[in-house]
Amino acid sequence: MKFIFVYITSPTQKEAEKIAKHLLKKRLVACANFFPVKSFYWWEGKIRNEKEFVLIGKTEEGNYQKIVKELGEIHSYSIPCIAKIPVFFNKEYGKWLRKEV
C-alpha cells in the first residue's frame, strides 16, 4: 500500500477543522494536521496576499480521488488546492495508518 499526504489550503482555521473532521469521519484520512500560512498568488489578474490554513491529511493513495470529490462538495474555494504528495512512513506508523483508513 502506498501512502500520501494530501495538502489542502483553506481560508480559515474553522474551515480547516471542519474539513479535517469530515475526512476523518469518512475514514478518508487517519490523521490531519493544520497550521497557518501566508500565501501570495495570482487571482483574477492581481497578485493576492492572504492568510490561509494548510491542512495535511495522511492517508493511502487509493483515497485521493474520493477526497477530491468530497472537497468539491464542502470546500468554500471555487478552485481549492488539493495536492497529492507521496510519502514513506516508519513501519509502525504505516501499520497504524493502514488500519485506520
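The paragraphs below set out a description of the structure included in this document. Since we're looking at a predicted model, the values are computed, not measured.

1. Brief notes about the overall build of the protein
Turning to step 1, where the next piece is worked out: Helix and strand counts for the protein stand at three helices and four strands.
Turning to step 2, where the next piece is worked out: When the helices and strands of the protein are placed in sequence order, the string is β-α-β-β-α-β-α.
Turning to step 3, where the next piece is worked out: Over its C-alpha atoms the protein spans a radius of gyration of 14 Å, differing by no more than 12% from the 13 Å that the globule rule assigns to 101 residues.
Turning to step 4, where the next piece is worked out: C-alpha atoms of the protein, sized along the principal axes, occupy 45 × 25 × 20 Å.
Turning to step 5, where the next piece is worked out: For the protein, the proportion of its 101 residues judged to be buried stands at 37%.
Turning to step 6, where the next piece is worked out: Here the analysis covers contacts within the protein between residues at least 6 apart in sequence; of these, 73% occur between residues at least 24 apart.

2. Things to note about the side chain of E52
Turning to step 1, where the next piece is worked out: Tracing the backbone shows E52 in strand β3 (residues 46-60).
Turning to step 2, where the next piece is worked out: Ignoring anything within four residues of it in the chain, the contact list for E52 reads T9, S10, P11, F35, P36, V37, S39 and Y77.

3. Points about the sheet that holds strand β2 (residues 31-43)
Turning to step 1, where the next piece is worked out: With respect to topology, four strands assemble into an open sheet ordered β2-β3-β1-β4, the strand pairing being antiparallel. Edge positions in the sheet fall to β2 and β4 (82-87), since each of these pairs with one other strand and no more. Within the sheet, the average angular offset between the axes of one strand and its neighbour, ignoring direction, is 30 degrees.
Turning to step 2, where the next piece is worked out: Where helix α3 (residues 91-100) meets the sheet, it contacts β1 (3-10), β2 and β3, and its direction lies at approximately 90 degrees from that of β3.

4. Description of a nonpolar patch on the surface
Turning to step 1, where the next piece is worked out: Residues F40, W42 and I47 make up a contiguous nonpolar surface patch of about 430 Å² in total accessible area.
Turning to step 2, where the next piece is worked out: For F40, the location among the structural elements is in strand β2.
Turning to step 3, where the next piece is worked out: Classification of F40 as exposed rests on a relative accessible area of 58%.

5. Observations regarding the pairing of β1
Turning to step 1, where the next piece is worked out: In terms of burial, β1 is largely enclosed, as six of its eight residues are buried.
Turning to step 2, where the next piece is worked out: The pairing of β1 with β3 spans eight bridges and is antiparallel. Bridged to Y7 within β3 is I56.
Turning to step 3, where the next piece is worked out: Bridge count between β1 and β4: six bridges; the pairing is antiparallel. Its bridge partner lying in β4, F3 is registered against V87.

6. Focus on the nonpolar core
Turning to step 1, where the next piece is worked out: Core analysis: the largest hydrophobic core is formed by 16 residues, its most contacted members being V6, I8, L23, I67 and L71.
Turning to step 2, where the next piece is worked out: Secondary-structure elements contributing two or more residues to this core are β1, α1 (13-25), β3 and α2 (64-74).
Turning to step 3, where the next piece is worked out: Setting aside its immediate chain neighbours within four residues, L71 contacts I8, I19 and I82.

7. A few points about the packing of α1 against α2
Turning to step 1, where the next piece is worked out: α2 packs onto α1 with a crossing angle of 135 degrees between their chain directions and a minimal axis gap of 11 Å. In terms of orientation, α1 lies oblique with respect to α2. When the axes of α1 and α2 are compared, the crossing they make is right-handed. Across from K18, I19, H22 and L23 in α1, the residues of α2 making contact are I67, E70, L71 and I74.
Turning to step 2, where the next piece is worked out: Here the contact of α1 with α2 is built from residues that sort into five nonpolar, one polar and two charged.

Cut-offs used in this document
- Residues numbered from 1 in each chain as written.
- Predicted model: local features only at pLDDT ≥ 70, side-chain atom pairs only at ≥ 80, totals over all residues.
- Heavy atoms only, no water.
- Helix = DSSP H or I, 4+ residues; strand = E, 2+ residues; numbered from the N terminus.
- Rg over C-alpha atoms; globule rule 2.2 N^0.38 Å.
- Buried < 20%, exposed > 50% of the residue type's maximum accessible area, 1.4 Å probe, protein only.
- Contact = heavy atoms within 4.5 Å.
- Pairing = 2+ DSSP bridges.
- Axes fitted to C-alpha atoms, helices over the stretch in contact; angles between N-to-C directions.
- Patch = residues over 30% accessible without salt bridge, like charges linked within 9 Å, V, L, I, M, F, W, Y side chains within 5 Å.
- Areas by Shrake-Rupley, 256 points an atom, 1.4 Å probe, with all protein chains shown as cover.
- Salt bridge = Lys/Arg side-chain N within 4 Å of Asp/Glu carboxyl O.
- Core = buried A, V, L, I, M, F, W, Y, C linked by side-chain atoms within 4.5 Å.
- Parallel < 35°, antiparallel > 145°, perpendicular 65-115°, else oblique.
- Left-handed = near helix turned anticlockwise from the far one by under 90°.
- Nonpolar A, V, L, I, M, F, W, Y, C, P; charged D, E, K, R; others polar.

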